[in-house]
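Each chain, letter by letter, is given below.
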There are 2 protein chains.
Amino acid sequence: MVSMKEIAQKCGVSVATVSKALNDKDDIAESTKEMIRKVADEMGFMANASARALKTNRTYNIGVLFNNDDAGLAHDYFSIILNSFKVAAEEEGYDITFVNHKIAGRESTYLKHCEYRNFDGVAIILADFKDPEIIELAESKLPAVCIDYEYYNCSSVVSDNTKGLLDIVRYAGSMGHRKIAYIHGELTDVTKNRLMGFYDGCREQGITVDPSYVLQSNYHDIEQCSECTKKLLQLEDRPTCIICPDDYSAMGCLRVLAQEGLSVPKDMSVIGYDGINMAMINGMTTYMQDSIGLGRIAFKKLADKIDHPEIPAEHSVVFGKFIEGSTVAKIGD
Amino acid sequence: MVSMKEIAQKCGVSVATVSKALNDKDDIAESTKEMIRKVADEMGFMANASARALKTNRTYNIGVLFNNDDAGLAHDYFSIILNSFKVAAEEEGYDITFVNHKIAGRESTYLKHCEYRNFDGVAIILADFKDPEIIELAESKLPAVCIDYEYYNCSSVVSDNTKGLLDIVRYAGSMGHRKIAYIHGELTDVTKNRLMGFYDGCREQGITVDPSYVLQSNYHDIEQCSECTKKLLQLEDRPTCIICPDDYSAMGCLRVLAQEGLSVPKDMSVIGYDGINMAMINGMTTYMQDSIGLGRIAFKKLADKIDHPEIPAEHSVVFGKFIEGSTVAKIGD
DNA sequence: CATTTTTGCGAAAACGTTTACTTTTTTGCA
DNA sequence: TGCAAAAAAGTAAACGTTTTCGCAAAAATG
């Protein structure tokens, strides 16, 4: 690896001059800069990020933390957020490194790992805020942005979950449905907001919610969603429409319905959530989250926080849109 | 951030001793080590990766490069490989950073980026080997492993693509199919191997391949696969079985069949490739690649190369298994 | 007890940058 | 021409480690 020292020798200037020239500082003559740049190119010079980071305390590297227990990377919704975050970050010269809690193969904590790698900031996506390690990280001085979770201390970007379910219920209502079941995910903040939207929507339309219509499953869990669907089908007074936790687990719902010989939407209406590619292709009625926007805005927030650590945490909401597919039938005609 | 200097002061020893104690070198008394470790813990010491890398020329950071044009991260097959690579790497104390061709926001090359970040090695996944930047990287001295592509210069791990298609065609044959169409992906090495398997399988069973049964689509492209399916349906002598490039694009095939009122497998048999979650759930007949094995073995190869740069490139093959779903009908009964 | 060997620790240089400060050179102006 | 100001370049310290080498003290040996 060719270093500034070698460039300096070749050019007959000092290392400082090389550094300043390549960083385009304004106390170096333009002619000198050009000459140095040219030689640096010829010699195939590439700065050393470690040395630079050591000196400047800036790595231009961002840690991304996500819950690996779940589908994690393989979750369509997540991977799109991550990808758009990555694209935005790279545009601004940041790199993305995954956060874990091992250092040199030994157990450690997320925060320690971030300190070790000197990340300029960290994005916390889909993480479990019951985990004390996550709290430790969120409470730390490290600039952080949370996606899909609001923590008082960090900037955050969340989807409009309440409105999402409200839109869904309103649509179902407009199609004549009065017996609407909702299989919701684990009781996180996200879920609570969606439930609020669900109940609001029902109240708005004068629907009394039958408690046996509200079940809990896990996000992205096809099996559990299947089980819940079976339970709903066993009720003496079946719902006419089932809202699933997300598009992916809705596959489980659809599968059970098919097994029972029920056709969608004729015998049962089904609504998903997320708007993942596969759902769109299959004509699923769903609420499409703006995952790309989520990632992009999350990066922007984080970059702001990195550049201005003093600014207070900001919480923003990204709006999605309702997608009318072909899995909900008009009722009562 | 507390540094070794501060630990040294508190302990009344030199910085060198602290470094050696924390790295468990054997010229430090056990009692001293313990004392230093204790103080370091109390003070919340965390080593500085940049400083360490600068001195040792080892970052314990691996670059991961993948083709972003395609589905990239959002591709189920890819994300599983990446995840298993990541898990294996973290187990051994490595971190994963995405490779791109920007440095500080300015265009550069993949190789330069790797040099800048001082990656110990790089994993090249699903990349386009027509891209001169990729070649530059593969030709460089940087330890590299390619997944799903064999480049003479790098170690590689590929799936048993030939056997995959052979198994598929044999199965289709065993189910009585003689008119088998194959919509294959872009003509990469992977595809060529699969085609070999396809033709071998057909020959083995005395099937003369109708050239109009062999079409080209793009991997992971639902629309194109739909188009190809339409073309096949327009043939006067339709095939009885369609092999798709991958499970995901097979969705396009299934959609077209549904639109045409053809039921699967009664009116048309369909076979996918990859064995992604969604396909398995839907009972797709497919060939499941060992994506987890692919990622794990790829890391192992790369780690070997990092530790022993002198060893020659090794090419290995990972075997998947045929999955008999419910999308192929028995014919001729 | 004298000598050698082993053990434990420290001094200092080095890794490749950046940057505050200083020095030298050039320019502008009276 | 002389002098101040501005521009250009250099000096050197620093960032936080690791590591080679040297030295002293302790332990082993005869």
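Residues numbered from 1 in each chain as written. Chains lettered and ligands numbered in written order. Predicted model: local features only at pLDDT ≥ 70, side-chain atom pairs only at ≥ 80, totals over all residues. Heavy atoms only, no water.

(A) Representation of the protein's contact with DNA strand C in the model. If you check the shell around DNA strand C, you find 28 residues, and the closest are Ser19(A), Thr17(B), Lys20(B), Ala29(B) and Thr32(B). Counted by atom, the contact set of DNA strand C within 4 Å of the protein is 60% sugar and phosphate. One nitrogen or oxygen atom from the main chain of Ser14(B) is found 2.9 Å from a phosphate oxygen belonging to DNA strand C. Listing elements by their share of the surface near DNA strand C, those giving two or more residues are α2 (15-22) and α4 (49-56) of chain A together with α2 (15-22) and α4 (49-56) of chain B. Of the residues belonging to the surface near DNA strand C, the class tally is 12 nonpolar, 9 polar and 7 charged. (Near = heavy atom within 4 Å. Polar contact = N/O pair within 3.5 Å; in protein donor to acceptor, adjacent residues only side chain to side chain. Helix = DSSP H or I, 4+ residues; strand = E, 2+ residues; numbered from the N terminus. Nonpolar A, V, L, I, M, F, W, Y, C, P; charged D, E, K, R; others polar.)

(B) Structural detail: the nonpolar core. Counting residues in hydrophobic clusters, the biggest one holds 52 residues, and the most contacted among them are Ile62(A), Phe85(A), Phe299(A), Ile62(B), Phe85(B) and Phe299(B). Those residues in contact with Phe85(A) that sit more than four places away from it in its chain are Ile62(A), Val64(A), Ile96(A), Ala123(A), Gly295(A), Ala298(A), Phe299(A) and Leu302(A). Core analysis: the second largest hydrophobic core is formed by 50 residues, Ile276(A), Ile222(B), Leu257(B) and Leu262(B) among them. (Core = buried A, V, L, I, M, F, W, Y, C linked by side-chain atoms within 4.5 Å. Buried < 20%, exposed > 50% of the residue type's maximum accessible area, 1.4 Å probe, protein only. Contact = heavy atoms within 4.5 Å.)

(C) Representation of the relation of the copies chain B and chain A in the model. Screw-axis analysis of chain B against chain A gives a translation of 0.0 Å along the axis, an RMSD of 0.1 Å, and a rotation angle of 180°. Both copies are brought into coincidence by an operation consistent with a two-fold rotation axis. (Least-squares fit on C-alpha atoms with pLDDT ≥ 70 in both.)

(D) Examining the sheet that holds strand β11 (residues 269-271) of chain B more closely. Residues and elements named next belong to chain B. Strand order in the open sheet formed by 4 strands is β9-β8-β10-β11, and the pairing between neighbours is parallel. At either end of the open sheet lies a strand with only one pairing partner, and these are β9 (214-216) and β11. Recorded for the sheet is a direction-independent mean angle of 20° between the axes of neighbouring strands. Pairing between strand β8 (residues 180-184) and strand β10 (residues 241-243): 3 bridges, direction parallel. When the sheet's bridge partners are listed, Ala181 is paired in β10 with Ile242. Across the sheet, helix α8 (residues 161-174) touches β8, β10 and β11, and the angle it forms with β10 is around 170°. Where helix α9 (residues 189-204) meets the sheet, it contacts β8, β9 and β10, and its direction lies at approximately 175° from that of β8. (Pairing = 2+ DSSP bridges. Axes fitted to C-alpha atoms, helices over the stretch in contact; angles between N-to-C directions.)

(E) Just the pattern of salt bridges, in detail. Counted by the stated rule, this structure contains 42 salt bridges over all chains. Ionic pairing is found between Arg117(A) and Asp95(B), a salt bridge with its closest N-O pair at 2.6 Å. With Arg117(A) in helix α6 (residues 110-117) and Asp95(B) in strand β2 (residues 95-98), this residue pair bridges two chains. Like Arg117(A), the residue Asp95(B) is buried in the burial classification. One salt bridge connects Lys266(B) with Asp267(B), and the closest N-O pair in it is separated by 3.5 Å. For Lys266(B), a relative accessible area of 66% corresponds to the exposed category. Sharing partners across several salt bridges, the network here consists of Asp24(A), Glu30(A), Lys33(A) and Arg37(A). (Salt bridge = Lys/Arg side-chain N within 4 Å of Asp/Glu carboxyl O.)

(F) Region of interest: the interface of chain B and chain A. The interface is formed by 53 residues belonging to chain B together with 53 residues belonging to chain A. Between chain B and chain A lies a buried interface of about 4700 Å² when both sides are counted; carbon and sulfur atoms form 54% of it. Between chain B and chain A we count 4 salt bridges in total. The residue Glu91(B) makes a salt bridge to Lys102(A) at a minimum N-O spacing of 3.0 Å. At the junction of chain B with chain A, the criterion picks out 25 residue pairs in polar contact (both at pLDDT 80 or more). Only α4, β1 (61-66), α5 (76-91), β2, β3 (102-103), α6 (110-117), α11 (247-259) and α12 (277-281) of chain B provide two or more residues apiece to the side of chain B that touches chain A. Ranked by residues supplied to the side of chain B that touches chain A, first place goes to α5(B) with 9 residues. Taken together, the residues of the side of chain B that touches chain A sort by class into 25 nonpolar, 16 polar and 12 charged. (Buried area = accessible area lost by both parts, 1.4 Å probe.)

(G) Representation of the pairing of strand β6 (residues 144-147) of chain A in the model. All names here are of chain A. Neither face of β6 is open: one carries Ala144 and Cys146, the other Val145 and Ile147, and all of them are buried. When strand β5 (residues 121-125) meets β6, the two strands line up parallel, connected through 4 bridges. Paired with Ile125 across the bridge in β6 is Ile147. Once the chain exits β5 it traverses helix α7 (residues 132-139) before rejoining the sheet at β6, and the crossover so formed is right-handed. Across 3 bridges, the pairing between β6 and strand β7 (residues 155-159) is parallel. Bridging across to β7, Ile147 finds its partner in Val157. (Right-handed = clockwise from strand over helix to strand, strands pointing away.)

(H) Quick peek at the pairing of strand β1 (residues 61-66) of chain A. All names here are of chain A. Summarising burial for β1: 6 of the 6 residues are buried, a large majority. Side-chain alternation along β1 places Asn61, Gly63 and Leu65 on one buried face and Ile62, Val64 and Phe66 on a second face that is also buried. Relative to strand β2 (residues 95-98), β1 runs parallel, the two being bridged by 4 bridges. Along β2, the bridge assignment pairs Val64 with Phe98. Judged from the 5 bridges that link them, β1 and β5 form a sheet pairing that is parallel. The partner of Ile62 across the bridge, within β5, is Gly121.

(I) The arrangement of the packing of aromatic side chains in detail. Applying the stated criterion to the full structure yields 25 aromatic pairs over all chains. Judged by centre distance (5.1 Å) and plane angle (45°), the rings of Tyr182(A) and Phe198(A) are tilted. Note that Tyr182(A) is positioned in strand β8 (residues 180-184) and Phe198(A) in helix α9 (residues 189-204), a separation of 16 residues in sequence. Of the two residues, Tyr182(A) and Phe198(A), both sit in the buried class. Three or more aromatic residues joined by ring pairs form one cluster here, namely Phe66(A), Phe78(A), Phe98(A), Phe66(B), Phe78(B) and Phe98(B). Positioned above the aromatic ring of Phe98(A) is the side chain of Lys86(B), whose terminal nitrogen or guanidinium carbon lies 5.2 Å from the ring centre. Above the ring of Tyr273(B), the side-chain terminus of Arg194(B) is found at 3.7 Å from the ring centroid. (Phe/Tyr/Trp six-rings, centres within 6.5 Å; stacked < 30°, edge-to-face > 60°. Lys NZ or Arg CZ within 6 Å of the ring centre and 35° of its normal.)

(J) Broad picture of the packing of helix α5 (residues 76-91) of chain A against helix α13 (residues 291-307) of chain A. Residues and elements named next belong to chain A. Two elements in contact, α5 and α13, have axes separated by 7 Å at closest approach and are oriented at 45°. Judged by the inter-axis angle, α5 sits oblique to α13. Taken as a pair, α5 and α13 cross one another with a handedness that is right-handed. Within the contact between the two elements, α5 uses Tyr77, Ile80, Ile81, Ser84, Phe85, Ala88 and Ala89 and α13 uses Ser291, Ile292, Leu294, Gly295, Arg296, Ala298, Phe299 and Leu302. (Parallel < 35°, antiparallel > 145°, perpendicular 65-115°, else oblique. Left-handed = near helix turned anticlockwise from the far one by under 90°.)

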